[in-house]
Amino acid sequence: MTNSRPRTLAELQRWRRTRTKRRWYKRSFRLQVMLLVGLLLAGMLLAQGAYLNHRKADIINHQMGERALAVAKTVAGIPQIVSAFATPDPAMIIQPLAERVRIETGARYVVVGNAQSIRYSHPVPERLGEAMVGGDNDQALIYGQSYVSEATGTLGTAMRGKTPVWDDEGNIIGLVSVGFMMDRVEMDVARYTSFGWALVGLMIVLGFAGAYWLSQHLKKVILGLEPYEIARLAMEKEAILQSIHEGILAVNRDGHITLVNQQAKRFLNLPDEHVILGLPIQDVVPNTRLLEVLKHGEQEFDQQMWLGDHPAIVNRVPILHEGEIEGAVATFRSRREIVDLSQALTQASRDVDMLRAQAHEFSNKLYTISGLLQLERIDEALALIHQETERAQAQMSFLMRHVADTVLSGTLLGKLTRARELGVTLEIDEQSSLSCPLTPTGQEVMMSVVGNLLDNACHAALNGPNSSMPSVRLFFTDLGEQLLLEVEDNGPGVLPEHAESIFEEGFSTKTGKHCGIGLALVARLCRQHGGAITLEESELGGACFIAVLDRSLCAEPDTHDSP
């Protein structure tokens, strides 16, 4: 057995080029389409051309035979020829008449014979008086039939028409044989069929041209991609759809599901083997709004809904093609995961702000203590250290006694440190209390509300008429059916004409970018959680913001361990 593997570098390169060329021929979609359509069309045209030309050849042969028979019948009916049979030398009369007919009709020969097949006429005069050859005269002489035959005579193979010669009494006295040579018949057939083959050739050329144009058009329609590339893109799309963390669900214009990934099945609590493609969307997601998107074509973003046991954030967009709605797609992600991520980011941001503020504050304290020690004012340095320690312990002790939620305590501790860094006196009312811990949603809401209100209050206090002694006061309580927060400052307050628009997104009395967001966010959170925010005049001389939230943001107290 010979080894066909390449052994040298040159053989390896030739082998690779051959494989690459063969692979290109196999993969070229345009060439495959052109060859497939062109060869299919060429095969059909050749088959049809062969059939039609064969039929045409048969028709021409039949017509030549009928022509020969018609000439034979005409000759057999000439009175002079019929009467010549009764003369002593019939050939003297029949030969000139037969030759004239032969020349006028273009026949190869016109032979008239008696009842014994003896020739009275022939294109070759020397053969007069000889017996006719071919052996096919019995039908005419015995049975009196007129017929067409193909036989080989003294002049060659011919298409012959034979008919009997009758006398006045109805007796067969001879026969007439008219022949057209087969080579002439074949020439006539070739002449008539050559035009048909030329048309077939032209149509094949046009077919290949059309196949080339079709392949070019299809290549353009599929964006110049080869079939294997389309298959790879389809597999990649499927892999991406199944691997992304968001659930995806698509429907057609009739509201039937056309696409669903594994994450969507997980949201809907469906097993992997459960087939939902083709089902109406309302049978799978009863509270869906995709049908409204199909009807109105309006996009919906960041909408909340429940998918089974999962709270989800849903985006819905229509699929448009040439201005017509062809379907809709919904993407959804778990709201719990978003809340967890938001809490983690908020906690990290708060820790960073608190550490930055503490680092700045303690660096100032350390510089002060270092200076006192260098001046050998040891007692004063120790007093400053004890003062800072007692203040920090007092703040921690207050928060631990009055705030049951550790996340809110951390937020307040960070804001206290930040206020000291800014030079603002932030005071928490001694009557403030939060007796129950917050739910995860409550922690997120309280961090946003408290953080934004305190930041705005500190900024207002620093820019007010009492900027030399900026002051902010905070009060909160969960007594009763609601959570109540009051934040007031000694800043310039809010002008009456701005009292209504201050809670609108984008409106701000500050200058610079990214303003007009905090109070709008607080107002929206209050509305979403069963409360509201109002503006009053502060006892400190500035503005007082009162935020009310539903107490459902607090977790239920754990009573399982109570006696």
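Before reading on, note that the structure itself is shown above.
Residues numbered from 1 in each chain as written. Predicted model: local features only at pLDDT ≥ 70, side-chain atom pairs only at ≥ 80, totals over all residues. Heavy atoms only, no water.

**What about helix 13 (residues 406–422)?**
Alright, step 1. The end-to-end C-alpha distance of helix 13, which contains 17 residues, comes to 24 Å, matching closely the 24 Å that a straight helix rising 1.5 Å per residue would cover.
Alright, step 2. Taken as a whole, helix 13 has its buried residues at Val407, Leu408, Ser409, Thr411, Leu412, Leu413, Gly414, Lys415, Leu416, Thr417 and Ala419.
Alright, step 3. For helix 13, the N-terminal capping position is held by Asp405, with its side-chain oxygen 3.1 Å away from the main-chain nitrogen of Val407.
Alright, step 4. Directly after helix 13, the chain includes Gly423, whose backbone phi takes a positive value near 85°. (Helix = DSSP H or I, 4+ residues; strand = E, 2+ residues; numbered from the N terminus. Expected span 1.5 Å × (residues − 1). Buried < 20%, exposed > 50% of the residue type's maximum accessible area, 1.4 Å probe, protein only. Polar contact = N/O pair within 3.5 Å; in protein donor to acceptor, adjacent residues only side chain to side chain.)

**Some details on the packing of helix 13 against helix 14 (residues 440–462)**
Alright, step 1. One can describe the packing of helix 13 onto helix 14 by two numbers: an axis separation of 10 Å at closest approach and a directional angle of 15°. When the interaxial angle is binned, helix 13 and helix 14 end up roughly parallel. As for the relative orientation of helix 13 and helix 14, their crossing is right-handed in sense. Touching Val407, Leu408, Thr411, Leu412, Lys415, Ala419 and Leu422 of helix 13 are Gln443, Met446, Met447, Val450, Gly451, Leu454, Asp455, Cys458 and Leu462, all from helix 14.
Alright, step 2. Taken together, the residues of the contact of helix 13 with helix 14 sort by class into eleven nonpolar, three polar and two charged. (Axes fitted to C-alpha atoms, helices over the stretch in contact; angles between N-to-C directions. Parallel < 35°, antiparallel > 145°, perpendicular 65-115°, else oblique. Left-handed = near helix turned anticlockwise from the far one by under 90°. Contact = heavy atoms within 4.5 Å. Nonpolar A, V, L, I, M, F, W, Y, C, P; charged D, E, K, R; others polar.)

**Here we look at a nonpolar patch on the surface**
Alright, step 1. A cluster of nonpolar side chains, contributed by Phe195, Leu199, Leu202, Met203 and Leu206, occupies part of the molecular surface with about 490 Å² of accessible area.
Alright, step 2. Following the sequence through the fold, Leu206 ends up in helix 6 (residues 182–221). (Patch = residues over 30% accessible without salt bridge, like charges linked within 9 Å, V, L, I, M, F, W, Y side chains within 5 Å. Areas by Shrake-Rupley, 256 points an atom, 1.4 Å probe, with all protein chains shown as cover. Salt bridge = Lys/Arg side-chain N within 4 Å of Asp/Glu carboxyl O.)

**Regarding unusual backbone geometry**
Alright, step 1. At Ser117, a residue that is not glycine, the phi angle is positive and equals roughly 65°.
Alright, step 2. Relative to the assigned elements, Ser117 resides in the loop between strand 1 (109–114) and helix 5 (138–141).
Alright, step 3. Residue class for Ser117 comes out buried when judged on its relative accessible area of 13%.
Alright, step 4. The backbone of Asp302 shows a phi angle near 55°, a positive value even though the residue is not glycine.

**Focus: the pairing of strand 3 (residues 156–166)**
Alright, step 1. With eight of eleven residues buried, strand 3 lies mostly within the body of the structure.
Alright, step 2. Across nine bridges, strand 3 lies against strand 4 (residues 172–181) in antiparallel orientation. Across the sheet, Trp166 pairs through a bridge with Ile172, a residue of strand 4.
Alright, step 3. Here strand 3 hands over to strand 4 after five residues, with Gly170 in that stretch at a positive phi of 85°. (Pairing = 2+ DSSP bridges.)

**Here's the deal with the sheet that holds strand 14 (residues 543–550)**
Alright, step 1. Across the sheet, five strands lie side by side as 10-11-12-14-13; this open sheet has mixed pairing. Each of the sheet's edge strands pairs with one partner strand only, and the pair in question is strand 10 (425–428) and strand 13 (532–537). Mean inter-strand twist for the sheet, computed between neighbouring axes without regard to direction, equals 15°.
Alright, step 2. For strand 10 and strand 11 (residues 471–477), the ladder comprises four bridges, and the chain directions are parallel. Bridge pairing in strand 11 links Ile428 to Leu474.
Alright, step 3. Its contacts with the sheet put helix 14 on strand 10, strand 11, strand 12 (482–489), strand 13 and strand 14, and the angle it makes with strand 12 is roughly 15°.
Alright, step 4. Sheet strands in contact with helix 15 (residues 518–528) are strand 13 and strand 14, and its direction is about 35° off that of strand 14.

**Considerations on the pattern of salt bridges**
Alright, step 1. Applying the stated criterion across every chain, the model contains twelve salt bridges.
Alright, step 2. With a shortest N-O distance of 3.4 Å, Arg119 and Glu130 are connected by a salt bridge. Here Glu130 lies in the loop between strand 1 and helix 5 and Arg119 lies in the loop between strand 1 and helix 5, a separation of eleven residues in the sequence.
Alright, step 3. Here Arg119 falls in the buried class, since its relative accessible area comes to 4%.
Alright, step 4. Of the charged contacts, one joins Asp455 and Lys415 as a salt bridge, the two residues approaching to 2.9 Å between their closest N and O atoms. A residue pair is termed long-range when its members are at least 10 positions apart, and Asp455 in helix 14 and Lys415 in helix 13 qualify at 40 residues.
Alright, step 5. Asp455 sits in the partly exposed class, given a relative accessible area of 37%.
Alright, step 6. Take Lys415: its relative accessible area is 19%, and that puts it in the buried class.

**Description of the side chain of Ser121**
Alright, step 1. Residue position: Ser121 is located in the loop between strand 1 and helix 5.
Alright, step 2. Residue class for Ser121 comes out buried when judged on its relative accessible area of 0%.
Alright, step 3. Engagement of the side chain of Ser121 in a polar contact is seen with the backbone oxygen of Val110, the distance being 3.0 Å.
Alright, step 4. Reaching out from Ser121, the side chain makes a polar contact with the backbone nitrogen of Val112 at a distance of 2.8 Å.
Alright, step 5. Among residues more than four places away in sequence, those in contact with Ser121 are Ile94, Gln95, Ala98, Val110, Val111, Val112 and Leu128.

**Quick word on the side chain of Asp489**
Alright, step 1. Summarising the element assignment, Asp489 is placed in strand 12.
Alright, step 2. Given the relative accessible area of 3%, Asp489 is considered buried.
Alright, step 3. Those residues within four positions of Asp489 in sequence are excluded, and the remaining contacts are Ala457, Ala460, Ala461, Ser471, Val472, Ser538, Leu540, Gly541, Gly542 and Ala543.

Read these as spatial facts, not as claims about activity.
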